[in-house]
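Residue strings, one per chain:
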Amino acid sequence: MKIGGFGQNFSEEIKVRMLVFTLFIAVSFSFLILRLWYLQVIKSDELRLQAENNRMRVVPLKAYRGKIFDRNGREIISNRPSFNLSIIPEYIKDIDGILSLIASEVNVDTEKIKREIKNSSTPFQSIVIKKDISWDEVAFIEEHGLDLPGVFLEIEPMRNYLYGETGSHIFGYLGEITRTQLEDLKTLDYRLGDFIGQYGIEKRYESILKGKRGSKYVEVDAAGRELNVFKQIDPDFGYNLYLTIDIELQEEVEKLFEGKNGAVVAIDPKDGSILAMVSKPSFNPNMFAGGVSNTYWSNIITDEHKPLQNRAIQGQYPPGSVFKIVTAAAGLEEGVITPDTTIDCHGYFKLGKKNYRCWRKGGHGRMDLRNAIIQSCDVYFYTVGFRLGIDRLSRYAFGFGLGSPTDVDLEGEKTGLIPTEEWKESVKGEPWILGETVSASIGQGFDLVTPIQLANMLAAVGNGGTLYKPKIIWKVDTTDGKLINKTDSKIKGSLSVSQKTLDLIKDALHGVVSDQRGTGRASNIKGIEVAGKTGTAQVIRMAEIEEKNDEEIPYEFRDHAWFAAFAPYENPMIAVAVLVEHGGHGGSVAAPIAGKLIKNYIDRISNFKSQISNLK
Amino acid sequence: MNNKGILKYQIISNFDWVIFGLTIIISVVGIFTIYSTGGSGGEPSRIYIKQIYWILYGLMAMLLILFIDYHSLEKLAYILYFVIIVVLIMVAVSGKTVSGARRWLSFAQFTFQPSELAKIVIIITLARYFDDKKIRGFYKIRDLITPAIIVLIPAVLIAKQPDLGTAVVIFFIFISMSFLIGINIRSLFILAGSAIVSLPFLWHFMKDYQKSRILTLINPQADPLGSGYHIIQSKIAIGSGGYMGKGFMSGTQSQLNFLPEKHTDFIFSVFAEEMGFIGALVLIALYIILIIKGIDVVYHARDRSGSLIAGGVVSMLAFHMIFNIGMTTGMFPVVGIPLPLMSYGGSYLVTTFISIGLLLNIKMRRFVDMG
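Residues numbered from 1 in each chain as written. Chains lettered and ligands numbered in written order. Predicted model: local features only at pLDDT ≥ 70, side-chain atom pairs only at ≥ 80, totals over all residues.

A.B. asks: Please explain the overall build of chain B as it appears in this structure.
C.D. replies: When you go through chain B residue by residue, the secondary structure sums to 16 helices and 3 strands. Here chain B, with 371 residues, has 49% of them falling under the buried criterion. When contacts within chain B are restricted to residue pairs at least 6 apart in sequence, long-range pairs at least 24 apart make up 71% of them. (Helix = DSSP H or I, 4+ residues; strand = E, 2+ residues; numbered from the N terminus. Buried ≥ 20, exposed ≤ 12 C-beta atoms within 10 Å, placed from the backbone. Contact = placed C-beta atoms within 7 Å.)

So, in structure tokens, the structure goes:
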């Protein structure tokens, strides 16, 4: 059989084509090798990093926020374990059955959960289906553990305000970090979903309280299953804060204030420590701890009484007759009156064609300074203020700490307003009118103060003239009790009045409470010498309502009731300012509250002291 | 007797041990790589054992092919072609569907993809057709109409399964063999031109997922969790291997399942991740030697039919290698084209062994007539 010859011919024939074919394959392989070189040599570092990112997951470990204690070491705010109901979709076979079993006890949105499961790309990663479930629900889940494969409870710390609404304006609340905050706080390692202080001390001292997040580095596979832990950095506890607040006193005041709106500030005159600070109405910070519900939030922000406002530092009210303390001091210091200067009160002060009326219709008769303070005679102080002129009067008001912030370490303090001629020119664009001086001398007209300013002023009067910066943080501790920082008392200034003037005023303020005719008799307490001053701040001046009883006047037109005091009169331990919004007369409404809270505080302190001495 | 003895001796002495050796070496590398993909982490995987069995079946098929003179196969070409068309129609009608593709035929416990075997049948059929024709000079377009139809019928049946990868391979075999037999330059350009013109039509007939795979090639980040996922993860796997690789069974991308289809279409990514650039170069070198040896067979075949069959086999093998590695490195769209001797999968492995057996077969018989 002869076939031969043809093969050789064909070999010759395809020589060129085979060369082209070989070249084509050679070029193709060259491209592959270049490509591999590009990926494995040039881009290697970048792609290795991506491979690491693929398999490493950093699981954040929540830090324990620092606790907050009162001046006596009582725990006010702590953290409680909160149970989040979670599922790992991959471990669940019968999702409908399991969800319906859960739904029989726990209120969950099964449709929403099913949607979330469907959208989850990593079936081994847990999904929280309900946050912070109740104890009953926890018990139910635990009890049915065997019937609920893939369902488990995640524990995380939850802020716990042990006294509920008490002191809510001081302590504030937590809230989920907003996007703007996240941008601002980028350097401080916050993430979306974190809860941070959004109000009060929680906000102001966020950096001290927050602690440090820990992290767990885990290896995961493509399905999100955690395979092993590379390393774990435990979270750090936040620092504990000790406040100057006396939580028992705080509670007592809140109780006394039930059903009323207004504010109370109690200060220790010896160093400016705030003992209590109440603002009503208030809110419950526990409602915010796990994320505030829409209904609660909208209730709060639409409430016409504005429960989020801290009236103690943000409420600005005319001081009313409490301001007479300033007028008296200015008058004496400037020499427009002496302690013995007498003025006849006929029930009004005549300026030009206008009569400025005294609160007592028939007038007080002949008054000296002491009696004028005790009986709060308007005409006497109209006269003094008139003699002083607004600028001299206001200079003393500023000196007493009014018209400027006290610099208390809380957010959003308001300054109040003490008018001067210049102020009116520049702000209102009108010249000062003499009649406005008359109004200002009894704390009406333009004058506005905050409760904390008045409390601080009374503390200064009581302690002999030293004006402190009110302090609310006593000290900062670590969890194991190591002192980090202790707040020193800061002196803001002195009242710059002579000792004689101060003594005179203190004596008169004592008379306000102790004298038979004193306007603050209602604050009188057996065994404790209280000194104070009432005030009734007019909300609106209308002839038709002035004649009426309080009950007949619409709520929003009723006067604000003030009482500012310190006690014991000789060596004061506490200074307070009580404001009852639309409460009517200071003497009848605010003074009794002040009396009770002073008694509560001083009784407990002396009990404590006597127990100590008994021990010795 | 003597004559016959010498013939036998010559056939055996012409056995190409290099081609055979390379085939075995690459297959063993494949077994280890597949072993690695099923390694740590998940439950122990036994697929590498299955792969060993398939290699053994493949070796048997290869041995069988060696004893059949390729001329006899060529004579049977049209019968084989008819049978494979019937089988492909059977697949279309009653084939087994796995993850959306109807590609498998099962008898007893075996499942088989006839489309793989179809590639070899098409090679032999085309060789037979070109051999019969014996046109003087170069082929023109109209001379290619009949062979085009021969290729198109099975290609369409396979593309419908859908198995776009194999259809593309068949098309490439057709081009290569036509080129080998010799077409005039004008016809070559017309062919290339009409291929380009038909692209938009092809695009029109493609399924959405196929379109998205091509778009993904242009910008993988457009849909990193969807169609871009394969390419991105494969590039990460290969690139993160660096020069030296992460070591056997230490590739995080494959061990932690970030790499999809890791033991089949993306086996090269696994290898490159664990063995690095150096390892990948060595593997590619093995493939290149195999192809060079194949080209040698084409060139030195005893006759036209030998050259044509060997040419078809070599172009098929080369195309699989180039396209698969190009795909895993993100140069080509993701179409399921496995890597010869490495990718897990019985039908393709056995087909590869048979095709290499054909090369050996042709080479062994190159000097037969000289005796």
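From this point, things continue past the structure.
A.B. asks: What is the right way to look at the pairing of strand β8 (residues 214-220) of chain A in this model?
C.D. replies: Residue and element names in this part refer to chain A. Pairing analysis gives 6 bridges linking strand β1 (residues 56-61) to β8, with the strands arranged antiparallel. For proline 60, the partnering residue across the bridge sits in β8 and is serine 215. Two strands pair when backbone bridges link them, and β8 and strand β9 (residues 226-233) are joined in this way by 6 bridges, in the antiparallel orientation. When the bridges of β9 are listed, valine 220 appears paired with glutamate 226. What sits between β8 and β9 in their antiparallel hairpin is a turn of 5 residues, with glycine 224 showing a positive phi close to 85°. (Pairing = 2+ DSSP bridges.)

A.B. asks: Explain helix α19 (residues 421-428) of chain A here, please?
C.D. replies: Since the α-helix turns once every 3.6 residues, residues separated by three or four places project in the same direction. Burial analysis of α19(A) places just 0 of its 8 residues in the buried class, a small minority of the element. Directly beyond the C-terminal end of α19(A), a positive phi value near 70° is found at Gly429(A).

A.B. asks: Explanation requested: the interface of chain A and chain B in the structure shown.
C.D. replies: One frequent convention defines the size of an interface as the accessible area lost when the parts assemble. Taken together, the contacts link 35 residues of chain A with 42 residues of chain B. Sorting the residues of the side of chain A that touches chain B by element identifies α1 (6-13), α2 (15-42) and α3 (44-55) of chain A as the ones contributing at least two each. Ranked by residues supplied to the side of chain A that touches chain B, first place goes to α2(A) with 15 residues.

A.B. asks: Would you take a moment to explain the sheet that holds strand β12 (residues 273-280) of chain A for this structure?
C.D. replies: Whenever strands of a sheet pair, they do so through backbone hydrogen bonds, lying parallel or antiparallel. All names here are of chain A. Ordered in space as β12-β11-β23-β22-β21, the 5 strands form an open sheet in which the pairing is antiparallel. A single partner strand is all that each edge strand has here, and the edge strands are β12 and β21 (531-537). The mean inter-strand angle of the sheet, taken between neighbouring strand axes irrespective of direction, is 5°. In this structure, strand β11 (residues 262-268) lies alongside β12, joined through 7 bridges in antiparallel fashion. What sits directly across from valine 265, in β12, is methionine 277. Across the sheet, helix α24 (residues 586-615) lies against β11, β12, β21, β22 (560-567) and β23 (574-580), angled at about 30° from β22, the strand it touches most. (Axes fitted to C-alpha atoms, helices over the stretch in contact; angles between N-to-C directions.)

A.B. asks: Mind showing me how you'd approach the packing of helix α2 (residues 17-37) of chain B against helix α3 (residues 47-67) of chain B here?
C.D. replies: Residues and elements named next belong to chain B. Between α2 and α3, the least distance of the axes is 8 Å, while the angle of their chain directions is 160°. Between α2 and α3, the interaxial angle falls into the category roughly antiparallel. Judged by the twist between their axes, the crossing of α2 over α3 is right-handed. Side by side, α2 and α3 meet where Ser27, Gly30, Ile31, Ile34 and Tyr35 of the first sit next to Ile47, Tyr48, Gln51, Ile52 and Ile55 of the second. (Parallel < 35°, antiparallel > 145°, perpendicular 65-115°, else oblique. Left-handed = near helix turned anticlockwise from the far one by under 90°.)

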